[in-house]
Amino acid sequence: MHVLFRCDATADIGFGHLSRCIALAEAMRISGAECVFAGQLDTAAADQVRAAGFVCESLASPINAKGAMEELADLPQPQAIVLDSYRADETYIAELGTGGHRVVVIDDFRALSSYPCDVVLNFTWEAPSLSYPDGPTLLLGPHYLPARRRLVEQRAHSIERDRTGPIQNVLIAVGGSDPKGITARLLRCLAGQTENFTVRAIAQNPEELEPLFASFATGSEILPRQRDLSDQLLWADAAITGGGLIKYESAYMGVPVAAIAQNEGQDGETQVFAKAGLVFNLGLADSVSDAQLAQALGTFLSEAALRKAMAERMREAFIADPSAHAAHAILEAVRH
């Protein structure tokens, strides 16, 4: 089966949509599907697609800037299209299906009034409680988390790691873009803690952040954007992330995680995830002060019992290979 993944990824848009699409494409490839990508992709995003072994077609405009079929007119026509974008509306989704394509929508917030597609995949914790309209096949909840292959391969080792003692290694991974400077805020707040952590921060502006590393342990460093986070999550005793996909990846790997949301959508979803015992909620970046953030981080990093309970909950919440589970369900649905 020929599957086209339609998503955009730039420094302004972020890379979360692309990362989860690559994860799903990796799993579909194992099941025999031929997957290609098309979208408004900057150089870093296109390189990420090609590094994963997929063909990449860069488009000049983002999703829904013009008609769906006009966007894809010059591309080989697939049997199925996987769409992942907050820009897509009901009209755009419906038009994707007019050429005989089966359409899969990766969704987060159940924001649309209708879903004129064949499959909806929403891996968020609250997805099973959302009232989706009748019609599409619904793949809801974290059993369908699109996890990169390396995460799947490393998970068993990671969840066996003893992370109940004092924290030594802290990973900061806000996301593919950080327009609000959250990484710098987190580093300043961590520098005020009494413990001497080794800190790794994934960021694209090392010259700006380098002076903030003076108070951390030897070996602390700024890392460039990673192909995937498997090695860094395996290394970490705890992670501090944005409110998007990375908090799910951390939980899947059994790494106690605190998350600070970059927008209101992430904030609401992070609150639900926190009630499930799977993340420590640091609040919404625009609302929480540095003093509040430092205090919350101190609680998260000092309370071993809190992190132990979180890690135990994480082991129970995810199946071993959710991306393969999702890929199999999607391919079954679109073949019928």
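You'll find the structure just up there.
About the criteria used
- Counting restarts for each chain, with residues numbered from 1 along the sequence as it is written.
- Where local features are concerned, this predicted model is filtered to residues with pLDDT of at least 70; where side-chain atom pairs are given and counted, the filter is 80 or more; whole-chain, interface and lining totals use all residues.
- Side-chain measures were taken over the full set of non-hydrogen atoms in the model, leaving aside hydrogen atoms and water.
- For the purposes of this entry, the term helix denotes a DSSP run of H or I that reaches at least four residues, the term strand denotes a run of E that reaches at least two, and both are numbered from the N terminus.
- For this measure, only C-alpha atoms enter the radius of gyration; the expected value for a globule follows 2.2 Å times N^0.38, where N is the number of residues.
- Each residue is assigned to one of three classes by its accessible area relative to the maximum for its type, calculated with a 1.4 Å probe on protein chains only: buried under 20%, partly exposed between the two thresholds, exposed over 50%.
- Any two residues whose heavy atoms approach within 4.5 Å at even a single point are treated as in contact.
- Each accessible area is a Shrake-Rupley result for a 1.4 Å probe, and residues are judged covered by the shown protein chains and nothing else.
- Neither His nor the chain termini are counted; the positive set is Lys and Arg, and the negative set is Asp and Glu.
- Where a charge lies is defined by one atom per residue type, namely NZ (Lys), CZ (Arg), CG (Asp) and CD (Glu).
- A pair of strands is treated as paired once DSSP finds two or more bridges between them.
- Lines are fitted to the C-alpha atoms to define the axes, a helix being fitted only along its stretch in contact, and any angle between axes, read from their N-to-C directions, falls within 0 to 180 degrees.
- To estimate how far a helix should extend, the number of its residues minus one is multiplied by 1.5 Å.
- Two N or O atoms count as a polar contact when they lie within 3.5 Å, although within protein this holds only if one can serve as hydrogen donor and the other as acceptor, and sequence-adjacent residues are included solely when both atoms are side-chain atoms.
- The pairing test for Phe, Tyr and Trp rings, Trp by its six-membered ring, is centres within 6.5 Å, and the orientation test on the planes gives stacked under 30 degrees, edge-to-face over 60, and tilted for anything in between.
- Think of a nonpolar core as a cluster: buried Ala, Val, Leu, Ile, Met, Phe, Trp, Tyr and Cys residues, connected wherever their side-chain atoms sit within 4.5 Å.
- When the strands point away from the viewer, a crossover counts as right-handed if the path from the first strand over the helix to the second runs clockwise.
- Basic side-chain nitrogens of Lys or Arg form a salt bridge, by our definition, when they fall within 4 Å of a carboxyl oxygen of Asp or Glu.

Caption draft 1: Focus on the overall build of the chain. When its secondary structure is counted, the chain shows 13 helices and 13 strands. Since a compact globule built from 336 residues should have a radius of gyration of about 20 Å, the 20 Å found for the chain is in line with a globular shape. When each of the 336 residues of the chain is scored for burial, the buried share is 57%. For the chain, contacts bridging at least 24 residues in sequence account for 60% of all contacts bridging at least 6. When the accessible area of the chain is evaluated, it comes to approximately 13,400 Å², of which 49% is carbon and sulfur surface. Distance from the positive charge centre (27 side chains) to the negative charge centre (42 side chains) of the chain: 4 Å.

Caption draft 2: Up close: the sheet that holds strand β1 (residues 2–7). Read across the sheet, seven strands follow the order β3-β2-β1-β4-β5-β6-β7 without closing on themselves; strand pairing throughout is parallel. Taken across any chain shown, the strands that pair with only one partner, and hence form the sheet edges, are β3 (55–58) and β7 (137–140). Neighbour to neighbour, the strand axes of the sheet diverge by 20° on average, direction disregarded. Note: strand β6 (residues 119–122) against β7, four bridges, orientation parallel. Note on β7: the bridge partner recorded for Val-120 is Leu-138. The strands that helix α13 (residues 322–335) touches are β4 (80–84), β5 (102–106), β6 and β7; relative to β6, the one it contacts most, it runs at about 165°.

Caption draft 3: Looking closely at helix α10 (residues 264–275). With twelve residues, α10 should reach 16 Å at 1.5 Å per residue; the first-to-last C-alpha distance of 17 Å fits that figure. Among all positions of α10, only Gln-266, Asp-267, Glu-269, Thr-270 and Phe-273 are buried. Along its buried surface, α10 packs onto β11 (238–242), α9 (245–252), β12 (257–261) and β13 (280–284). One side-chain oxygen at the N-terminal end of α10 lies 3.2 Å from the backbone nitrogen of Gly-265; it belongs to Asn-263. Directly after α10, the chain includes Gly-277, whose backbone phi takes a positive value near 80°.

Caption draft 4: Molecular detail of the packing of aromatic side chains. If you walk through the whole model with that rule in mind, you get ten aromatic pairs. Relative to Phe-54, the ring of Phe-37 has its centre 5.5 Å away and its plane inclined at 50°; by these criteria the two rings are tilted. Taken together, the residues span a long stretch of sequence, with Phe-37 in strand β2 (residues 34–39) and Phe-54 in the loop between α2 (43–51) and β3 at a distance of 17 residues. Residue classification places Phe-54 among the buried positions, given a relative accessible area of 5%. Ring geometry for Phe-280 against Phe-300: centres 5.7 Å apart, planes inclined by 35°, an arrangement best described as tilted. Taken as a pair, Phe-280 in strand β13 and Phe-300 in helix α11 (residues 290–302) lie far apart in primary sequence, 20 residues in all. Under the relative-accessibility criterion, Phe-300 is labelled buried at 0%.

Caption draft 5: Structural context of the nonpolar core. Phe-5, Leu-24, Met-28 and Phe-37 are the most contacted members of the largest nonpolar core, which has 99 residues in total. Leaving out residues up to four positions away in the same chain, Phe-5 has contacts with Cys-21, Leu-24, Ala-25, Met-28, Cys-35, Val-36, Phe-37, Ala-38 and Val-82.

Caption draft 6: Just the pairing of β3, in detail. The pairing of β2 with β3 spans four bridges and is classified as parallel. For Gly-39, the partnering residue across the bridge sits in β3 and is Ser-58. Traced from β2 through α2 to β3, the parallel crossover comes out right-handed.

Caption draft 7: Focus on the sheet that holds strand β10 (residues 221–223). Spatial ordering of the open sheet is given by β10-β9-β8-β11-β12-β13, a layout of six strands whose pairing is parallel. Either end of the sheet is taken by a strand with one partner, and the two such strands are β10 and β13. Shown here is a sheet whose adjacent strand axes are inclined to one another by a mean of 15°, direction ignored. Inspection of the sheet shows strand β9 (residues 198–202) paired to β10 by three bridges, in the parallel sense. Residue pairing across strands places Arg-200 opposite Glu-221, the latter belonging to β10.

Caption draft 8: Looking closely at the pattern of salt bridges. With the rule as written, the count across this model stands at 14 salt bridges. Of the charged contacts, one joins Asp-321 and Arg-149 as a salt bridge, the two residues approaching to 2.6 Å between their closest N and O atoms. Placement of Asp-321 in the loop between α12 (304–317) and α13 and of Arg-149 in helix α5 (residues 149–160) is noted, with a sequence separation of 172 residues between them. Here Asp-231 makes a salt bridge to Arg-150, at a shortest N to O gap of 2.9 Å. Here Asp-231, found in helix α8 (residues 230–235), pairs with Arg-150, found in helix α5; they are 81 residues apart in sequence, far enough to count as distant. The exposure class of Arg-150 is partly exposed, given its relative accessible area of 34%.

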